[in-house]
Amino acid sequence: MAYQIEYAYTCHIGKVRNNNEDNFWCCGESLDSENKGMSHVCSGHIKQADLPLLAVFDGMGGESCGEMAAFLAAESCGQYYKEKKKEFSENPEQFMNGLCSTMNHAVCHYGKENKINSMGTTAAMLAFGKENVYSCNLGDSRIYQISSEGKLGQLSLDHVLGGGRFGKPPLTQYLGIPEESMGLEPTIVPQKAEIGTRYLICSDGITDMLSDGEIADILTREISVSETVELLVERALIKGGRDNITVILCELVEQEKSLFGKLLNYFL
């Protein structure tokens, strides 16, 4: 099936934090290691045949280690994607596993070189195949799917320990797990690509502020992906904006036919 992806994204520092530990990779765009987020929403569209990759990273660690972990993940994500993206069509799950290992190595190597014991980042990603869309995550940054009928489902798995009765529970999976432990186990889920489906990737600056019901209500409104991203961030800020907020929203739409295709349909 030939389709294209309309997307919009932004990254906001929130109302409480003084630093931004989030980052992303969206069709070649990401943030520097030291940043204060974005002042606007960016948007665009891309053909599935270009094998786009979308990703959100939420860093953790004191003394700017979170920012660096998220930046290193985004940077190595981009490098791996540029070098290996053609391999995605041949074996999507192998590609995603290789990507996670590469990003994990980048974070771990930096930590060892700089004698940092506690740094890491979540990862939540989408890659688009001809028949399937592949979600992949480590940690608690989430990926949601909302069908053209308005049904919301979480594709990612929250990799957390326990129920978090006394604050946020620790992560059991993230980028920055020591390579010698061989403990990296990303959750990879294929979903059939269908026109009209929307996918949301977001850090916990959204999910800690908004319930699934509130998210579903916003995602099902008949407004553009850019307006939807703006509304999600606005609602999260109204609710308190206690953490950094990163959002990538995309929708699968029919690919516009070329002039030749339009002429062919006309004569047929």
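Here, every reference points to the structure presented above.
Residues numbered from 1 in each chain as written. Predicted model: local features only at pLDDT ≥ 70, side-chain atom pairs only at ≥ 80, totals over all residues. Heavy atoms only, no water.

Undergrad: I'd like a rundown of the overall build of the protein chain, residues and numbers included.
TA: A count of helical and extended segments in the protein chain gives six helices and twelve strands. Each principal axis of the C-alpha atoms in the protein chain carries an extent, and together these give about 70 × 40 × 30 Å. Counting across all 268 residues of the protein chain, residues that qualify as buried make up 51%. Considering only residue pairs separated by 6 or more positions, the protein chain has 74% of its internal contacts joining residues 24 or more positions apart. Of the roughly 13,100 Å² that the protein chain leaves accessible, carbon and sulfur atoms contribute 48%. (Helix = DSSP H or I, 4+ residues; strand = E, 2+ residues; numbered from the N terminus. Buried < 20%, exposed > 50% of the residue type's maximum accessible area, 1.4 Å probe, protein only. Contact = heavy atoms within 4.5 Å. Areas by Shrake-Rupley, 256 points an atom, 1.4 Å probe, with all protein chains shown as cover.)

Undergrad: Account for empty space enclosed by the protein, with residues named and values stated.
TA: A probe matching the size of a water molecule, rolled over the atoms, marks out where space remains unfilled. Scanning the model with the defined rule gives one cavity of 30 Å³ or more in all. There is about 40 Å³ of room inside the largest cavity. Leu51, Pro52, Leu53, Tyr81, Lys85, Phe88, Phe95, Ala127 and Phe128 together form the lining of the largest cavity. At the level of elements, α1 (65-90) and β6 (123-128) are the ones that each hand at least two residues to the lining of the largest cavity. Among the residues making up the lining of the largest cavity, the classes are represented as eight nonpolar, no polar and one charged. (1 Å grid on protein atoms, 1.4 Å probe; cavity = no way out; pocket = protein on both sides within 12 Å on 5 of 7 lines; lining within 4 Å. Points joined across faces, edges and corners; volume = space filled by probe spheres on them. Nonpolar A, V, L, I, M, F, W, Y, C, P; charged D, E, K, R; others polar.)

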